[in-house]
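The chain contents come next:
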Amino acid sequence: MKLVVNPPPVLSVFGNDLDVVIAVGETDIPGIYLAEDRPRPDRHLLLAMIQVISMAVQENDLETFERMDSASVELQGAQSVGNLTSKLIVVRARDGSFGALGVGELKSLRALARKAVRYFTGTIRLDIP
């Protein structure tokens, strides 16, 4: 899978071949797009990715998070190919590196990151060791 962003982001992870893309929108549940030749990721892995990205967004960490005022984002080579309108997009490359792209104000992106953490935490039964 490839993420085509206009204007192109600075972070190198977005130029790599991707195996997981998580699109966090303001109203819908997060969309998860997977490369067809990869196994389905574990819910714990997705939660860990979102937790790390949430901290990166909170701290505006430029090594894993890039914010843009406006951008068009297109996903190519996934189950559904097309434009992503989500404001926060988390990606993992095939080499294991990951990062996030945020489109909009930092305050709203921080709220979206917290929303994503709540959603993915809710997918895991915390009462089972």
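### So, the overall build of the protein
Part 1 of the argument: Within the protein, the secondary structure is distributed over two helices and eight strands.
Part 2 of the argument: Beginning at the N terminus, the succession of helices and strands in the protein can be written as β-β-β-α-β-β-β-β-β-α.
Part 3 of the argument: Taken over the C-alpha trace, the protein has a radius of gyration of 14 Å; the compact-globule value for 129 residues is 14 Å, and the two agree within 12%.
Part 4 of the argument: Considered along the principal axes of its C-alpha atoms, the protein spans approximately 45 × 35 × 25 Å.
Part 5 of the argument: Per-residue burial for the protein yields a buried fraction of 43% across its 129 residues.
Part 6 of the argument: Surface summary for the protein: the accessible area is close to 7,200 Å², and the carbon and sulfur share equals 51%.
Part 7 of the argument: Taking the average location of the 14 positive side-chain charges in the protein and that of its 16 negative ones, the two points are 6 Å from each other.

### Notes on the environment of Leu3
Part 1 of the argument: When you line up the elements, Leu3 lands in strand 1 (residues 2-6).
Part 2 of the argument: A relative accessible area of 7% places Leu3 in the buried class.
Part 3 of the argument: Between the C-alpha atoms of Leu3 and Thr123, which are 120 residues apart in sequence, the distance is 26 Å.
Part 4 of the argument: Those residues within four positions of Leu3 in sequence are excluded, and the remaining contacts are Phe14, Leu18, Val73, Glu74, Leu75, Leu84, Ile89 and Val91.

### Remarks on the sheet that holds strand 6 (residues 82-84)
Part 1 of the argument: Pairing within the open sheet is antiparallel, and its three strands lie in the order 1-5-6. In this open sheet, the two edge strands, each paired with only one partner strand, are strand 1 and strand 6. Taking the axes of each pair of neighbouring strands and ignoring which way they run, one obtains an average angle of 35 degrees across the sheet.

### Focus on the packing of aromatic side chains
What describes a pair of aromatic rings is the distance from one ring centre to the other and the angle between the planes of the rings.
Part 1 of the argument: What the rule picks out here adds up to one aromatic pair.
Part 2 of the argument: Pairing Tyr119 with Phe120 gives two aromatic rings, centres 5.1 Å apart and planes at 85 degrees, and the pair type is edge-to-face.

### Points about the layout of surface pockets
Part 1 of the argument: Of the voids in this model, the largest pocket is the one considered here, and its volume is about 210 Å³.
Part 2 of the argument: What lines the largest pocket is Ile29, Pro30, Ile32, Leu34, Arg40, Pro41, Asp42, Arg43, Leu46, Tyr119, Phe120 and Thr123.
Part 3 of the argument: Mapped by element, the contributors of at least two residues to the lining of the largest pocket are strand 3 (31-34), helix 1 (43-59) and helix 2 (106-122).
Part 4 of the argument: Here the residues of the lining of the largest pocket are counted per class, giving eight nonpolar, one polar and three charged.
Part 5 of the argument: Classifying every residue of the lining of the second largest pocket gives four nonpolar, five polar and three charged.

### What about the side chain of Arg92?
Part 1 of the argument: Checked against the element boundaries, Arg92 lands in strand 7 (residues 88-93).
Part 2 of the argument: Of the residues examined, Arg92 reaches a relative accessible area of 19% and is grouped as buried.
Part 3 of the argument: There is a polar contact of 2.8 Å between the side chain of Arg92 and the side chain of Asp19.
Part 4 of the argument: Arg92 has contacts with Leu18, Asp19, Val20, Leu45, Met49, Ser97 and Phe98, leaving out every residue within four places of it along the chain.

### Some details on the sheet that holds strand 2 (residues 18-24)
Strands pair in a sheet through their backbones, by hydrogen bonds, and they do so in one of two ways: parallel or antiparallel.
Part 1 of the argument: Spatially, five strands are ordered 3-2-7-8-4 in an open sheet, and the strand pairing comes out mixed. Of all strands in the sheet, those bounded by a partner on one side alone are strand 3 and strand 4 (65-68). Strand-to-strand twist in this sheet, taken as the mean axis angle between neighbours without regard to direction, amounts to 15 degrees.
Part 2 of the argument: The pairing of strand 2 with strand 3 spans four bridges and is antiparallel.

Reading the values: the criteria
- Residues numbered from 1 in each chain as written.
- Predicted model: local features only at pLDDT ≥ 70, side-chain atom pairs only at ≥ 80, totals over all residues.
- Heavy atoms only, no water.
- Helix = DSSP H or I, 4+ residues; strand = E, 2+ residues; numbered from the N terminus.
- Rg over C-alpha atoms; globule rule 2.2 N^0.38 Å.
- Buried < 20%, exposed > 50% of the residue type's maximum accessible area, 1.4 Å probe, protein only.
- Areas by Shrake-Rupley, 256 points an atom, 1.4 Å probe, with all protein chains shown as cover.
- Lys, Arg positive; Asp, Glu negative; His and termini not counted.
- Charge placed at Lys NZ, Arg CZ, Asp CG, Glu CD.
- Contact = heavy atoms within 4.5 Å.
- Pairing = 2+ DSSP bridges.
- Axes fitted to C-alpha atoms, helices over the stretch in contact; angles between N-to-C directions.
- Phe/Tyr/Trp six-rings, centres within 6.5 Å; stacked < 30°, edge-to-face > 60°.
- 1 Å grid on protein atoms, 1.4 Å probe; cavity = no way out; pocket = protein on both sides within 12 Å on 5 of 7 lines; lining within 4 Å.
- Points joined across faces, edges and corners; volume = space filled by probe spheres on them.
- Nonpolar A, V, L, I, M, F, W, Y, C, P; charged D, E, K, R; others polar.
- Polar contact = N/O pair within 3.5 Å; in protein donor to acceptor, adjacent residues only side chain to side chain.

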